[in-house]
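The chain contents come next:
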Amino acid sequence: VHPESFTLSLPASPHIAAREDGVSIILEDIVSGFPSTTNRIVVEGAGGIMVPLNSNEFVIDLIRALNAIVIVVSKNELGSINHSLLTAEAIRHRRFPKVGWIFNQHFMSYEDEITAWSGFDKIDSLHSLPMISKQSVAEAASRMRDKLEKFLC
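Residues numbered from 1 in each chain as written. Predicted model: local features only at pLDDT ≥ 70, side-chain atom pairs only at ≥ 80, totals over all residues. Heavy atoms only, no water.

Enquirer: Which residues make up the nonpolar core, and what are the values?
Expert: Here is a general trend for soluble globular proteins: nonpolar side chains tend to be buried in one another's company. Ranked by size, the top nonpolar core spans 23 residues in total, and within it Val 70, Ile 91, Phe 96, Val 99 and Trp 101 carry the most contacts. Here the element with the most residues in this core is helix α3 (residues 59-66); it accounts for 4 residues. Residues within four places of Val 99 in sequence aside, it is in contact with Val 70, Val 72, Ile 91, Phe 120, Asp 121 and Phe 151. (Core = buried A, V, L, I, M, F, W, Y, C linked by side-chain atoms within 4.5 Å. Buried < 20%, exposed > 50% of the residue type's maximum accessible area, 1.4 Å probe, protein only. Helix = DSSP H or I, 4+ residues; strand = E, 2+ residues; numbered from the N terminus. Contact = heavy atoms within 4.5 Å.)

So this is what it looks like as structure tokens:
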């Protein structure tokens, strides 16, 4: 686990939280401070690809600057078809070379439709675990790891 580029106190959009904390989020500072490693690094965006980091840069700009593979985690709930497809449209517009879906929770069975409409690969679905334990999380992570490896190759 690598340290965050910024730690903000307010649970809000990064541009608002930074403003409240008197901090300026500069995309180049994140990119230049990114760890140098041959390992794969998972970078979690803050709330979605169009969330602003500052007055003119968004999470999608960070993804581009890091030359990252995009994995969209879509919460499978009422309203997620629209949110998912709008996210897919923004990603397609920016022409990212490799994009995949991970769906979490389970409202109804429309993951395959979102996958087909977007044209992006479905990596996995992770439904709520009946019991949270070290073993159940390890099993889910093992299953997910295999599917992620296949997607990334």
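Enquirer: Give me the sheet that holds strand β2 (residues 99-104): which residues, what numbers.
Expert: Reading across the sheet, the 3 strands line up as β1-β2-β3 and stay open at both edges, with parallel pairing between neighbours. Two strands in the sheet have a free side with no partner beyond their single neighbour: β1 (70-75) and β3 (121-126). Taking the axes of each pair of neighbouring strands and ignoring which way they run, one obtains an average angle of 20° across the sheet. The sheet contact formed by β1 and β2 spans 6 bridges and is parallel. Bridging from a neighbouring strand, Val 72 pairs with Trp 101 of β2. On top of the sheet, helix α4 (residues 80-94) reaches β1 and β2; it is set at about 165° to β1, its chief contact. (Pairing = 2+ DSSP bridges. Axes fitted to C-alpha atoms, helices over the stretch in contact; angles between N-to-C directions.)

Enquirer: How would you explain the pairing of β2 if you had to name every residue and give the values?
Expert: Within a regular strand, side chains alternate between the sheet's two faces. The buried fraction of β2 is high, at 5 of 6 residues. Considered for its hand, the β-α-β crossover made up of β1, α4 and β2 is right-handed. In this structure, β2 lies alongside β3, joined through 5 bridges in parallel fashion. Paired with Gly 100 across the bridge in β3 is Asp 121. (Right-handed = clockwise from strand over helix to strand, strands pointing away.)

Enquirer: Tell me about the environment of Ile 114, and please be specific about residues and values.
Expert: Position of Ile 114 relative to the elements: it lies in helix α5 (residues 111-118). For the pair Ile 114 and Asn 82, spaced 32 residues apart in the sequence, the C-alpha separation amounts to 9.3 Å. Residues contacting Ile 114, with those up to four places away along its chain left out, are Ser 80, Ile 81, Ser 84, Leu 85, Trp 101 and Phe 103.

Enquirer: Which residues make up α3, and what are the values?
Expert: Looking at α3, one finds that the buried residues are Val 59, Ile 60, Asp 61, Leu 62 and Ile 63. Where α3 is buried, its residues meet α2 (27-32), β1 and α4. Of the residues one or two after α3, Asn 67 is the one with positive phi, at around 55°.

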